[in-house]
Amino acid sequence: MNFGEMLARVSRGGRVIAGGLLAGIAAFASGQEFGPPTFSHETTWNSKYVWRGLVLDDKPVLQTSNTLSFGDTSFNVWASRRACQVLSGRGGTELDLTLSRDVSWGWATVTPALIYYSYPGMGAPPSAEAAISLSAETGPVTFFSNHFLDFAECAGGYFGEAGLGWECSMSPNLTLGGDAAVGWGNKKFHVVNYGAGKDSVTTFAVRVYADFQLSGRVFAQPTVTYSRVLDGALRSVSSSPDQLVWGLTLGFRG
């Protein structure tokens, strides 16, 4: 069995595991009390928009994220628009809504979520995913694994990823960090989004960043991300299988 076949089997099992965990944890979390509200905001400029190895926009984009949290329950509104069209109002926008809840057990956190994707002004149909994320911290290193199962436009399409993240505090106002992850998907996900493929490994991505605490809750975070489409069949149909993205985020934390 080669590496791709092994991860393809993991992906098939992962869909069952993700569904079971999502149902069980969502039922458990539904009875919990909500905490006091907090709000956080981020505005990010990226040199291009790359999603799961796919270049959705090869021009600079402006992406905003607004999160309203009540304790461990959060509602996020995320939007992406080509930077040159923000002031003119021309072109379309991707608008995503996410409802999630963190459930912690000691050093581990599980986060079930529902995500709704819409594309006002772009002519693309909306879609939705059930998602579940698992993370575990040990010192400066965090293991994470995220799973997404589409139940609308690309019903049955599955994408998963697993990786490691790290952070190192250099001073009270500067933290350096990064993460690296391998992603995989099933045939439905690849055919709908890439136009070809089978159950296989999809991508490898690595990101590094510097987090500057400017004052109180306000921060600035420059980032560099490299992503590579790994599967040969997917690379052959991808116009840009290797990507380097520069970004800058400004925001405040709740």
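Predicted model only: the values in this text are computed from it and were never measured.

1. Focus on the side chain of Ser 118
Counting through the fold element by element, Ser 118 comes out in strand S8 (residues 108-118). Its relative accessible area of 12% is what places Ser 118 among the buried residues. Separated by 2.8 Å, the side chain of Ser 118 and the backbone oxygen of Leu 95 make a polar contact. Look past the residues within four positions of Ser 118 in its chain and what remains in contact with it is Thr 93, Glu 94, Leu 95, Asp 96 and Pro 126.

2. Some details on the environment of Tyr 119
Here Tyr 119 is to be found in the loop between S8 and strand S9 (127-138). Judged by relative accessible area, Tyr 119 falls into the partly exposed class, the value being 22%. For the pair formed by Tyr 119 and Gly 92, sequence separation is 27 residues and the distance between their alpha carbons is 6.8 Å. Every residue in contact with Tyr 119, bar those within four places of it in the chain, is listed here: Thr 93, Glu 94, Ala 124 and Pro 125.

3. Considerations on a nonpolar patch on the surface
On the surface, Val 141, Phe 143, Leu 164, Trp 166, Met 170 and Leu 176 cluster together to form a nonpolar patch covering roughly 530 Å² of accessible area. Among the secondary structure elements, those contributing two or more residues to the nonpolar patch are strand S10 (141-150) and strand S11 (158-171). Examining the composition of the nonpolar patch, we find that three residues originate from one element, S11, more than from any other. With respect to the secondary-structure elements, Leu 164 resides in strand S11. Look at Leu 164 and you get partly exposed, because its relative accessible area is 49%.

4. Focus: the pairing of strand S15 (residues 242-252)
The alternating pattern of S15 places Gln 243, Val 245, Gly 247, Thr 249 and Gly 251 on a buried face, while none of Asp 242, Leu 244, Trp 246, Leu 248, Leu 250 and Phe 252, on the opposite face, is buried. In this sheet, S15 lies alongside strand S1 (residues 37-46) in antiparallel orientation, the contact comprising six bridges. The partner of Trp 45 across the bridge, within S15, is Leu 248. Inspection of the sheet shows strand S14 (residues 218-229) paired to S15 by eleven bridges, in the antiparallel sense. Paired with Ser 227 across the strands is Gln 243, a residue of S15.

5. Points about unusual backbone geometry
The phi dihedral of Arg 52 falls on the positive side, at around 50 degrees, and the residue is not glycine. Looking at the secondary structure, you find Arg 52 in the loop between strand S2 (49-51) and strand S3 (54-57). In this structure Arg 52 comes out as buried when scored by relative accessible area, which is 13%.

The rules behind the values
- Residues numbered from 1 in each chain as written.
- Predicted model: local features only at pLDDT ≥ 70, side-chain atom pairs only at ≥ 80, totals over all residues.
- Heavy atoms only, no water.
- Helix = DSSP H or I, 4+ residues; strand = E, 2+ residues; numbered from the N terminus.
- Buried < 20%, exposed > 50% of the residue type's maximum accessible area, 1.4 Å probe, protein only.
- Polar contact = N/O pair within 3.5 Å; in protein donor to acceptor, adjacent residues only side chain to side chain.
- Contact = heavy atoms within 4.5 Å.
- Patch = residues over 30% accessible without salt bridge, like charges linked within 9 Å, V, L, I, M, F, W, Y side chains within 5 Å.
- Areas by Shrake-Rupley, 256 points an atom, 1.4 Å probe, with all protein chains shown as cover.
- Salt bridge = Lys/Arg side-chain N within 4 Å of Asp/Glu carboxyl O.
- Pairing = 2+ DSSP bridges.

In short, shape yes, function no, at least from these values alone.
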